[in-house]
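Now for the letters of each chain:
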Amino acid sequence: MRPAALAGLVAEVRGGRRQVLECGSGVSTIVLGRALGERGGHLHALEHDPGWASVVVSRLERERLGDTVDLIEAPLRPHPVARDGTGWYEEAQLERVPAQGIDLLLVDGPPAGEPGLGLSRYPALQALAERLTRDAIVVLDDIDRPGEAAVLDAWERETAFRFERRPTERIAVGRRTS
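Residue numbers run consecutively from 1 along every chain, following the written order of its sequence. In keeping with the model being predicted, local features are shown solely for residues with a pLDDT of at least 70 and side-chain atom pairs are shown and tallied solely at 80 or more, while totals for entire chains, interfaces and linings include all residues. Excluded from the side-chain calculation are hydrogens and water; included are all heavy atoms of the structure.

Caption draft 1: Region of interest: helix 3 (residues 50-62). The end-to-end C-alpha distance of helix 3, which contains 13 residues, comes to 18 Å, matching closely the 18 Å that a straight helix rising 1.5 Å per residue would cover. In this scheme, a residue with accessible area under 20% of its type's maximum is buried, one over 50% is exposed, and one in between is partly exposed, where area comes from a 1.4 Å probe on protein chains only. A helix here means a DSSP run of H or I that spans at least four residues, while a strand means a run of E at least two residues long, and both kinds are numbered starting from the N terminus. Of all the positions in helix 3, only A53, V56 and L60 are classed as buried. Down the axis of helix 3, the sector holding all buried residues measures 70°, keeping them to one side. The exposed residues of helix 3 that point more than 90 degrees off its buried face are E61 and R62. The inward-facing, buried residues of helix 3 contact helix 2 (27-39), strand 2 (42-47) and strand 3 (69-73). Where helix 3 begins, one side-chain oxygen reaches toward the backbone nitrogen of G51, 2.9 Å away; that side chain belongs to D49. The positive-phi residue at the C-terminal boundary of helix 3 is R64, with phi of around 55°. To estimate how far a helix should extend, the number of its residues minus one is multiplied by 1.5 Å. Starting at the helix axis, one direction is taken to each C-beta atom, and the arc is that of these directions. Here, two residues are considered to be in contact whenever any of their heavy atoms come within 4.5 Å of each other. Counting of polar contacts relies on pairs of N or O atoms within 3.5 Å, with two restrictions inside protein: one atom must be capable of donating a hydrogen and the other of accepting it, and residues adjacent in sequence are counted only when both atoms are side-chain atoms.

Caption draft 2: Spotlight on the packing of helix 1 (residues 3-14) against helix 2. At their nearest, the axes of helix 1 and helix 2 sit 9 Å apart, and the two run at 20° to each other. Classed by the angle they form, the pair helix 1 and helix 2 counts as roughly parallel. Here helix 1 runs over helix 2; the crossing is right-handed. Here helix 1 contributes L6, L9, V10, V13 and R14 to the contact with helix 2, which in turn contributes V27, S28, V31, L32, A35, L36, E38 and R39. Residue classes follow a fixed rule: Ala, Val, Leu, Ile, Met, Phe, Trp, Tyr, Cys and Pro count as nonpolar, while Asp, Glu, Lys and Arg count as charged, and any other residue, Gly among them, counts as polar. In terms of residue class, the contact of helix 1 with helix 2 is made up of nine nonpolar, one polar and three charged. As a rule, the C-alpha atoms of each element are fitted with a line to give its axis, helices using only the stretch in contact, and angles between N-to-C directions run from 0 to 180 degrees. Should an angle lie under 35 degrees it is considered roughly parallel, over 145 roughly antiparallel, and from 65 to 115 roughly perpendicular; all remaining angles are considered oblique. Should the near helix be turned anticlockwise from the far one by less than a right angle, the crossing is termed left-handed; should it be turned clockwise, right-handed.

Caption draft 3: Geometry of the pattern of salt bridges. Any Lys or Arg side-chain nitrogen located within 4 Å of an Asp or Glu carboxyl oxygen qualifies as a salt bridge. The final tally for this structure, using the stated rule, is 18 salt bridges. As a salt-bridge pair, R14 and E38 come within 3.8 Å of each other at their nearest N and O atoms. Remark: E38 occurs in helix 2 and R14 occurs in helix 1; sequence separation between them is 24 residues. The class for R14 is partly exposed, based on a relative accessible area of 48%. The class of E38 is exposed, set by a relative accessible area of 55%. The closest approach of N and O atoms between R145 and D142, which form a salt bridge, is 3.3 Å.

Caption draft 4: Inspection of the nonpolar core at higher detail. Only buried residues count toward a nonpolar core. Its members are Ala, Val, Leu, Ile, Met, Phe, Trp, Tyr and Cys residues joined through side-chain atoms within 4.5 Å. Judged by nonpolar contacts, the single largest core of 29 residues is most densely connected at L46, L105, L132, V138, W155 and F163. Residues in contact with W155, not counting those within four places in the same chain, are V107, R121, Y122, A124, L125, Q126, V138, L140, F161, R162 and F163. The next biggest cluster of nonpolar side chains, apart from the first, holds 23 residues, and it includes A5, A35, L71 and V139.

Caption draft 5: How the structure looks around unusual backbone geometry. That bond from G109 to P110 is cis: its omega, 0°, falls within 30 degrees of zero. Here P110 lies in the loop between strand 6 (102-107) and helix 4 (123-128). Unlike most non-glycine residues, D84 shows phi in positive territory, near 60°. Summarising the element assignment, D84 is placed in the loop between strand 4 (76-77) and strand 5 (88-89).

This is the structure in structure tokens:
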């Protein structure tokens, strides 16, 4: 995630967003965890790769963010709304995510940059929409890639979310219109 995009997400947290769900984990998990720790919020991060999850958890422990961030290992499995046979986070692991109250959804996983994986992020909005607050924002990273562009187009056709595309930050920020 580009620094300017991450700074925008931190500004959202400082502006009052308290319950964040992140698909994928990494530097953004640490930065958002710090911001939420300062403001009294919580971050749930889904991560499919056990090795990477271990790295991120170690960093969270060093930063003393264990009470603020819940990293959820969730292997990729077939999902009813997945496209092109791509996997999405295992449903059983989603039980650890709050059933409601998420006011910021960051979609930066599962991996989508390899051939055949371009639409792997598509299930996020459909699978998690019921958990989002009425004024939640949805952020999709890597919109400069064809797969994410197709995901955005599909989300706008199929949901009440409309997205502001920010090409220099490589993200799109969506809000409900109805």
